[in-house]
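# An overview of the molecular structure
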Amino acid sequence: MSKTTSYKPSYSNGSVSINGQNKASTVKCGDTVYGNYNMNDYEKELYDYVQKSLPQLVQNVNTFSPEVTKSINNQLSAYQRQGQNYINQIYTPMINNLKNDIASRFGNLDNSMFMNNLNNIEINRSNAVADLADSLLSRQNELVNNELANRYNYINLLNTLQNQYNNYALNSSIGLGNTSLAYNNSVANNSSSNTFNLEQIASLASLVKYFI
């Protein structure tokens, strides 16, 4: 069944609902179509936090506060004490045993055997102390790099959340706009040929209704 009509297409507003809550909508003002993503209170709180935090985090990503510096230094001090205790536990008994052995055999420590053995022990202990210094430097670099990596990961997380909400809004608005425009274009094409097919319009209308 068909009939002629002078129908002029107009923009059809649309909305997207999730679990009964209106999440996205489009409206037309003049020749411009506007889209809106409706956040709930929790989403808005998170989005506002991301918007507020990101600029400051990016600006200070490589700057360590006194608290962070103190924390790193405390960890290095603990690591150094552990290393020094370990070295002392190894070499102090060796020196004491050497002293006792030389004293029991020779009665005094003023002999070349004691001095040679003591020098060997001291050389090994000096090498261990040098290794500890190198380990401290590596440990410092590790702590700094871990702190920076955690900051970069946190910034990426916030940026992902921000982009996610922006994409929700953009994709919802574009989808609604394209569906409404497709509906109107179909009506316009039918009107320009002076043929108005009610079955086609009903089919397209049900499509829009399903989308929104």
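Just so you know, the residues in each chain are numbered from 1, in the order the chain's sequence is written. Residue-level local features of this predicted model are given only where pLDDT is at least 70; pairs of side-chain atoms are given and counted only at 80 or more, and the full residue set underlies all totals for whole chains, interfaces and linings. In computing side-chain properties, one takes all heavy atoms of the structure into account and sets aside hydrogens as well as water.

## Description of the overall build of the protein chain
- Looking only at helices and strands, the protein chain features 4 helices and 5 strands.
- Each helix (α) and strand (β) of the protein chain, taken in turn from the N terminus, gives the series β-β-β-β-α-α-α-β-α.
- A 1.4 Å probe rolled over the protein chains alone gives each residue an accessible area, and that area as a share of the maximum for its type sets the label: buried under 20%, exposed over 50%, partly exposed in between. Per-residue burial over the protein chain gives 24% buried out of 212 residues. Secondary structure counts use DSSP, requiring at least four H or I residues in a row for a helix and at least two E residues in a row for a strand, with both numbered from the N terminus.

## Observations concerning the nonpolar core
- In these notes, a set of buried Ala, Val, Leu, Ile, Met, Phe, Trp, Tyr and Cys residues joined through side-chain atoms within 4.5 Å is what counts as a nonpolar core. The biggest cluster of nonpolar side chains holds 10 residues, and these are Ile87, Tyr91, Ile95, Leu98, Ile102, Phe114, Leu118, Ile121, Ala128 and Leu132.
- Elements represented by at least two residues in this core include exactly helix H2 (66-106) and helix H3 (112-192).
- Note on contacts: a residue pair is in contact if any heavy atoms of the two residues lie within 4.5 Å. For Leu98, the residues in contact, after removing those within four places along its chain, are Phe114, Asn117, Leu118 and Ile121.
- In terms of nonpolar packing, the next biggest core, distinct from the first, is built from 5 residues, Leu54, Val61, Ile155 and Leu158 among them.

## Observations concerning the side chain of Ser53
- Relative to the helices and strands, Ser53 resides in helix H1 (residues 41-59).
- Classification of Ser53 by relative accessible area gives buried; the value is 12%.
- For this analysis, a polar contact is any N or O atom pair within 3.5 Å, provided that within protein one partner can donate a hydrogen and the other can accept it, and provided that sequence-adjacent residues contribute only side-chain to side-chain pairs. Within the local environment of Ser53, its side chain forms a polar contact with the backbone oxygen of Tyr49, the two atoms lying 2.8 Å apart.

## Some details on the confidence of the model for the protein chain
- The pLDDT score gives, residue by residue, the confidence of the prediction method on a 0 to 100 scale. On average, residues of the protein chain score 77 in pLDDT, and 68% of them reach the 70 mark or higher.
- The element-level mean pLDDT for the protein chain is lowest in helix H4 (residues 198-211), coming to 43, with H2 highest at 90.
- Taken as a whole, residues 194-212 scores under 50 in pLDDT and shows 30 contacts with residues more than four places along the chain or in a different chain.

## Structural notes on the pattern of salt bridges
- Whenever Lys or Arg places a side-chain nitrogen within 4 Å of a carboxyl oxygen from Asp or Glu, that contact is recorded as a salt bridge. As enumerated under the stated definition, the model contains 4 salt bridges in all.
- The closest approach of N and O atoms between Arg125 and Glu122, which form a salt bridge, is 2.7 Å. With a gap of 3 residues between them, Arg125 and Glu122 both fall in helix H3, about one helical turn apart.
- With a relative accessible area of 22%, Arg125 lands in the partly exposed category.
- Of the charged contacts in the structure, one is a salt bridge between Glu142 and Arg139, with a shortest N-O distance of 3.3 Å. In this pair, Glu142 and Arg139 are both assigned in helix H3, 3 residues apart and thus about one turn of the helix distant.
- For Arg139, a relative accessible area of 24% translates into the label partly exposed.

## Some words on H2
- Over its 41 residues, H2 runs 57 Å from end to end, which matches the ideal 60 Å to within 8%, given 1.5 Å per residue.
- Maximal helix bending in H2 amounts to about 25 degrees, located at Asn88.
- All of the buried residues in H2 are Val68, Ile72, Leu76, Gly83, Ile87, Tyr91, Ile95, Leu98 and Ile102.
- Looking one or two residues past H2, Gly107 carries a phi angle of roughly 85 degrees, positive in sign. Any helix carries an expected span of 1.5 Å times its number of residues minus one. Bend at a given residue is defined as the angle between two axes, one fitted to the seven residues that end at that position and one fitted to the seven that begin there.

## Remarks on a nonpolar patch on the surface
- A cluster of nonpolar residues, Leu46, Tyr49, Tyr154 and Leu157, forms a patch on the protein surface that exposes about 350 Å² of accessible area.
- Looking at the nonpolar patch, the elements with two or more residues in it are H1 and H3.
- Tracing the sequence through the fold places Tyr154 in helix H3. The residues that make up patches have over 30% relative accessible area and no salt bridge, and they are joined within 9 Å when like-charged or within 5 Å when they are Val, Leu, Ile, Met, Phe, Trp or Tyr. Using a 1.4 Å probe, the Shrake-Rupley method yields the accessible areas, and only the shown protein chains count as cover for residues.

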